[in-house]
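Fold and geometry: a report
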Amino acid sequence: MNRSNSGANLPTLRSHNAALVLDLLRVAGERGISRLELAERTGLTPQAVSKITARLRAEGLAAEAGHRASTGGKPRTVLRLVPDAGHAVGLHLDRDGLTVVLVDLAGTVVASRTAPLDFGAPADEVVTAAAGAVAAVRGDGSRPVLGVGAAVPGPLDHRGGVLHRVTGFPQWDGYRLGDALAARTGLPVVIDKDTNAAALGLALQAAVPGDFAYLHLGTGLGAGLVLGGALHRGARTGAGEFGHQTVQLDGVRCGCGGRGCIEALCLAAVARGDVAEAARVLGTGAANLVGLLGIDRVVLGGRTVAADPDAYVRGVRAVLDERARREGIGGVPVPDVAAGGGDRPVAEGAAQLVLAPLFGRVGGLDGVAPGREGGSAPDPDPGPGLGLGLGLESHPAGPASSRESDPAGPAPSRLD
């Protein structure tokens, strides 16, 4: 996601600098990274890095991971992230079921649960079921949890955690789901569309940044868009209603009230068991996106795709290739399938709605702060090891820092 990899030189941005360091620890994994490498990659001074890593270690977020030979002098101390120092809950509420995961700071799923859900039931019943699932993956509550990321069908206003007229479920219009879930769970809650959550998770995993569309075909059809390295929500936060582009005038009636929507045509083909036609329709929409936005990659996901991934990849690719031949262009994206399949990428991406700010990955996320916006409860005590508050605020990128203010005084500048 969009983010500067250089530190900030203002004391008020201390958490921003710590987030940069913490993210590099996350990326390094078990192998770890030395303080010298941290200074080189962030642009922070050795003194600033020493202060930051000392605080991270004191908070239990970082630990020594051995030593590494240096070009001269004594071996360098290597630091690593402590994954179980914090966790986030990712919750996917679908029209007929829910998936919930508990992930650690490294993004590893440590607990998961699925259960039937009637999204058309009274709101109180849905929220009760969701809160119960969150409690189930938290277990005895011994693991520190930063918050809950909840992914639901759109359209919605993710800033306020308010649902709009979900296709087929207009009764949710105006419901403050974020507030309701926060009140029931006692945790900060961030709400977003299911497709946006999945796209965020994929973007954070990408080795090479680039524009892509995540197309989710399950009980509905939608898209999550990553453009310019940032999750694209649009001015009204409702971008990605991919399933409701009209591709057949006066076509079949859609649950949204329109006719000839790509979602209605695709789901009708799925209901008939005509996978080839469903893939062709999905490919038509994908080709429209590629032509309109010039995206580099198309990722397919959702339980319907997971049931026959090869058929959907072949069908979508055939339409993309045909359009490329017709227009005489090259370099058309080759569709692939989201790892994990089904609804897990959505739930895991929902957890990243909470974790991404912790690692400074807030570019393009509209600065939503768990515990501040998005329908949330007051910040709970997150437990030991999480006193930095890094996951509860977003911080703008800044220029490289030459120092880091600290009331405790200067730290040694030598990086061992």
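Residues numbered from 1 in each chain as written. Predicted model: local features only at pLDDT ≥ 70, side-chain atom pairs only at ≥ 80, totals over all residues. Heavy atoms only, no water.

**Section: the side chain of N196**
Within the secondary structure, N196 is located in helix α6 (residues 194-205). Judged by its relative accessible area of 0%, N196 falls in the buried class. (Helix = DSSP H or I, 4+ residues; strand = E, 2+ residues; numbered from the N terminus. Buried < 20%, exposed > 50% of the residue type's maximum accessible area, 1.4 Å probe, protein only.)

**Some points on the nonpolar core**
One finds L91, L93, F119 and L181 to be the most contacted residues of the largest nonpolar core, which totals 32 residues. For this core, the element with the most residues is helix α4 (residues 123-138), which contributes six residues. Once you skip the residues sitting within four places of it in the chain, L181 turns out to touch L91, V127, A130, A131, A150, V189 and I191. Within the second largest apolar cluster, 31 residues are counted, among which are L44, L56, V101 and L146. (Core = buried A, V, L, I, M, F, W, Y, C linked by side-chain atoms within 4.5 Å. Contact = heavy atoms within 4.5 Å.)

**Examining the environment of V337**
Assignment of secondary structure puts V337 in strand β15 (residues 336-337). Remark: the alpha-carbon pair of V337 and V299, spanning 38 residues in sequence, is separated by 5.4 Å. Residues in contact with V337, not counting those within four places in the same chain, are V299, L300, V305, P309 and V313.

**Structural notes on the packing of aromatic side chains**
Tallied over the entire structure, the rule returns three aromatic pairs. Ring geometry for F119 against F169: centres 5.5 Å apart, planes inclined by 85°, an arrangement best described as edge-to-face. Placement of F119 in the loop between β6 (109-116) and α4 and of F169 in the loop between β9 (162-163) and α5 (177-185) is noted, with a sequence separation of 50 residues between them. Here F119 and W172 contribute two aromatic rings whose centre-to-centre distance is 4.7 Å and whose plane-to-plane angle is 20°, an arrangement assigned as stacked. Taken as a pair, F119 in the loop between β6 and α4 and W172 in the loop between β9 and α5 lie far apart in primary sequence, 53 residues in all. (Phe/Tyr/Trp six-rings, centres within 6.5 Å; stacked < 30°, edge-to-face > 60°.)

**Digging into the environment of P116**
Tracing the chain through its elements places P116 in strand β6. Using a relative accessible area of 76% as the deciding quantity, one classes P116 as exposed. Sequence separation between P116 and L93 is 23 residues; the distance between their C-alpha atoms is 9.8 Å. In this structure P116 touches D96 and G97, once residues within four positions along its chain are discounted.

**Regarding the pairing of strand β14 (residues 297-301)**
Within β14, four of the five residues are buried, which leaves the element mostly enclosed by the surrounding structure. Direction of pairing for strand β11 (residues 212-217) relative to β14: parallel, over a ladder of five bridges. Pairing of A213 across the sheet is with V298, part of β14. Strand direction decides the pairing type here: β14 and β15, joined by two bridges, are parallel. Note that in β15 the partner of V299 across the bridge is D336. (Pairing = 2+ DSSP bridges.)

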